[in-house]
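Residues per chain, in single letters:
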Amino acid sequence: MNDSLSQLVRGFAELEAEIATGGGQAAIDRQHAKGRLTARERIERLIDANTEFFELGLWAGWQMYGEWGGAPAAGVICGVGTVAGRRQMIIANDATVKAGAFFPATTKKVLRAQRIAFQNRLPLIYLVDSAGVFLPLQEDVFPDEDDFGRIFRNNAVLSAAGIGQVAAIMGNCVAGGGYLPVLCDKLLMTEGSGLYLAGPALVKSAIGQSVSSDDLGGAEMHAQISGTIDYREPNDEACLVRLRRLAEQVAPDAPQPAAPFHRGEPVAPARPAADIEQLVSPNPRHDYEVRDVLDCILDAGTFDEYKAEYGQSLVCGTARLGGFSVGIVANQHHPVRPAEGPMQFGGVLYVDSAEKAARFVMNCNQDWLPIVFLQDVNGFMVGRDSERSGIIKAGAKLVNAISNSRVPKLTVLVGGSFGAGNYALCGKAFDPRLIFAWPTARCAVMGGDQATSTLLEITLKSLQREGEAIDHAKLEQLRHDVRESYQRQMDPRYAAARGWVDRIIDPLRTRDELIFALETATRHAEQEPFKLGVFQV
């Protein structure tokens, strides 16, 4: 356990810097030797000067695919950047990682980026430099509804929705991957790049025809003969200049959010962000007052708590965040005492808190307030009294309200995100526009101690059925192994590697991250009624 929050953050930052090197210096040198920029260099030159690239999915593929040498950031860089004054979703293959080939995590990351773009009406720019599907894992990349082909289906759907897409082929673009750029509104291609359904070697094998890469699918051929591309560029630099000029033809983003969302003048928080280090410990057993954390994030003096004396294990209220009017749903992380009944544990959802939150979510939808969830939840209260009080029914109300919510939802995993608590407070399965995690986050079906006991019991019964004797030393070793495995799976980096989290953030930057997310999420509002269907009573 790290001694402080700042030490934990520094450790994560060091690993992020390592991931950002992609395939390593030797692979970067090979890319430069071809006269090409790396994916990150391309993005840096593409976006407006002195603007930030809001990267998503940096941890994708972390500690995965070890038998194949790994796939840092899943071999593709995704994020929101400003180009010619307009926010765009940028998706750039990293050719330093297995020639930009698509691993299962690569596909999942690109699909998530397209989904975020669609929900928030962000135009897309694809910087294509990919060898296509990573063949040793093709069965997990190719055929299913959430696999490689879905990317091209999304290209067509995004275009039909009027969301602009521009692709630039700046290296390889082969096999089925060729459909992505050709399904975009505009297509650029650099000299020395290749666009074909089958490369020269495969053509020779399939039909016995000998043909060079340029003759088969080079930029000149596609510009002059097939007519597939719209702009032929001599190199990366010229291509990026053209991309920026094309972006300049479209009006920049309007400064205000789309109606009916509202943004007033921002006000600084009541407490400095640095106070979060003193308020929240990396040790999940340490209590804290979530309202103090909110004071470090929200505009000072704007928080109006909803039903403050009822369902106190969950704090709900309306506020301003960077001037945006929002709703807040946050777990309390210390014991609370209701007016009647026994003390309630922090981080646990009870009947009263679940029903309060369900009603509050409905109010936010009525008032068109984006909702920010701060999760530090152990789950719902269990036991005879809780079941007789209708805890499942109360949880169903909250799940229903969140599932049918029409306003943007943003989720921050501050600490625990366990079991049905993850669902009821807008985990990944419930369509948050963006989902962030602090380094202190832990995500799993149940807490570590409970899971260790359960998994150990299952393991022991299995060994006993096989007739294996278990002495005390072996029992303790099994306990240690089970605990270590489960702890690893709870780590936010494990979640981010698999796409359950979009971005791991420095807790001290939570306000800035949420403001950026709100600026993105309030670009568009679907003017549809708020409907719940059958609602538990």
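Refer to the structure printed above.
Note that the structure is predicted; figures quoted are calculated from it, not measured.

What about the overall build of the protein?
Scanning the protein for helices and strands turns up 20 helices and 18 strands. Against the compact-globule benchmark of 24 Å for 537 residues, the protein has a radius of gyration of 25 Å, which places it among compact chains. Reported as C-alpha extents along the three principal axes, the dimensions of the protein are approximately 80 × 70 × 45 Å. The 537 residues of the protein split such that 53% are buried. Excluding contacts between residues fewer than 6 apart, the proportion of contacts in the protein whose partners are at least 24 apart in sequence is 74%. Accessible area for the protein stands at about 23,700 Å²; split by element, carbon and sulfur atoms hold 51% of it. Taking the average location of the 54 positive side-chain charges in the protein and that of its 65 negative ones, the two points are 4 Å from each other.

So, the side chain of Q344
Residue position: Q344 is located in the loop between β11 (324-331) and β12 (348-349). Looking at Q344, the relative accessible area reads 8%, which means it is buried. A polar side-chain atom of Q344 sits 3.3 Å from a polar atom in the side chain of D352. Contact partners of Q344, with chain neighbours within four places excluded, come to Q312, S313, P335, V336, P338, Y350 and D352.

Considerations on the packing of aromatic side chains
Summed over all chains, the structure comprises 14 aromatic pairs. Summarising the aromatic geometry, the rings of Y65 and F103 are spaced 4.8 Å apart at their centres and angled 40° between planes, so their arrangement reads as tilted. One end of the pair, Y65, is in the loop between β1 (54-56) and β2 (76-83); the other, F103, is in the loop between β3 (86-93) and α4 (104-120), and 38 residues separate them in sequence. For the ring pair F148 and F152, a centre distance of 5.0 Å and an interplane angle of 75° mean the geometry is edge-to-face. Here F148 pairs with F152, and both are found in helix α5 (residues 148-160), just four residues apart, close to one helical turn. Connected via pairs of aromatic rings, a cluster forms that spans Y65, W68, F103 and F134. Its guanidinium or amino end placed over the ring of F54, R503 lies 4.1 Å from that ring's centre, counting from NZ or CZ.

Some remarks on the pattern of salt bridges
A complete count under the given rule lists 25 salt bridges for this structure. R244 is the partner of D48 in a salt bridge, and the nearest nitrogen-oxygen pair spans 2.7 Å. A residue pair is termed long-range when its members are at least 10 positions apart, and D48 in the loop between α3 (39-46) and β1 and R244 in helix α10 (residues 236-248) qualify at 196 residues. By relative accessible area, which is 22% here, R244 ends up partly exposed. Residue E191 is joined to R232 by a salt bridge in which the shortest nitrogen-to-oxygen separation is 2.3 Å. Linking E191 in the loop between β6 (186-190) and β7 (194-196) with R232 in strand β8 (residues 231-233), this pair joins segments that are 41 residues apart in sequence. Note on E191: relative accessible area 36%, which makes it partly exposed.

As for unusual backbone geometry
Along the chain, A259 connects to P260 via a cis peptide bond; the corresponding omega equals 10°. The topology assignment puts P260 in the loop between α10 and α11 (276-279). Here the phi dihedral of Y65 falls at roughly 60°; this positive angle occurs in a residue that is not glycine. Even without being glycine, D431 reaches a positive phi, approximately 60°. Tracing the backbone shows D431 in the loop between α16 (419-424) and β16 (434-437).

Focus on helix α13 (residues 351-367)
Between its terminal C-alpha atoms α13 stretches 25 Å, which fits the 24 Å expected from 17 residues at 1.5 Å a residue. Burial in α13 covers these residues: V351, D352, S353, A354, K356, A357, A358, F360, V361, C364 and N365. Of the residues one or two after α13, W368 is the one with positive phi, at around 60°.

Some words on the environment of D491
Among the secondary structure elements, D491 is positioned in the loop between α18 (472-490) and α19 (492-497). We classify D491 as buried; its relative accessible area is 18%. Sequence separation between D491 and R115 is 376 residues; the distance between their C-alpha atoms is 25 Å. A polar atom in the side chain of D491 sits 2.7 Å from the side chain of R493.

Regarding α4
The first and last C-alpha atoms of α4 sit 25 Å apart over 17 residues, in line with the 24 Å expected at 1.5 Å per residue. Among the residues trailing α4, R121 stands out with phi positive, at a value near 55°.

Observations concerning the pairing of strand β15 (residues 409-418)
With ten of ten residues buried, β15 is to be regarded as a mostly interior element. Sheet topology places strand β13 (residues 371-377) next to β15; six bridges connect them, and they run parallel. Directly across from F373, in β15, lies its bridge partner T411. Inspection of the sheet shows β15 paired to β16 by four bridges, in the parallel sense. Within β16, the position partnered with L413 by the bridge is A437. Note that the unit made of β15, α16 and β16 has a crossover that is right-handed. The pairing of β15 with strand β17 (residues 442-444) spans three bridges and is classified as parallel.

Calculation criteria
- Residues numbered from 1 in each chain as written.
- Predicted model: local features only at pLDDT ≥ 70, side-chain atom pairs only at ≥ 80, totals over all residues.
- Heavy atoms only, no water.
- Helix = DSSP H or I, 4+ residues; strand = E, 2+ residues; numbered from the N terminus.
- Rg over C-alpha atoms; globule rule 2.2 N^0.38 Å.
- Buried < 20%, exposed > 50% of the residue type's maximum accessible area, 1.4 Å probe, protein only.
- Contact = heavy atoms within 4.5 Å.
- Areas by Shrake-Rupley, 256 points an atom, 1.4 Å probe, with all protein chains shown as cover.
- Lys, Arg positive; Asp, Glu negative; His and termini not counted.
- Charge placed at Lys NZ, Arg CZ, Asp CG, Glu CD.
- Polar contact = N/O pair within 3.5 Å; in protein donor to acceptor, adjacent residues only side chain to side chain.
- Phe/Tyr/Trp six-rings, centres within 6.5 Å; stacked < 30°, edge-to-face > 60°.
- Lys NZ or Arg CZ within 6 Å of the ring centre and 35° of its normal.
- Salt bridge = Lys/Arg side-chain N within 4 Å of Asp/Glu carboxyl O.
- Expected span 1.5 Å × (residues − 1).
- Pairing = 2+ DSSP bridges.
- Right-handed = clockwise from strand over helix to strand, strands pointing away.

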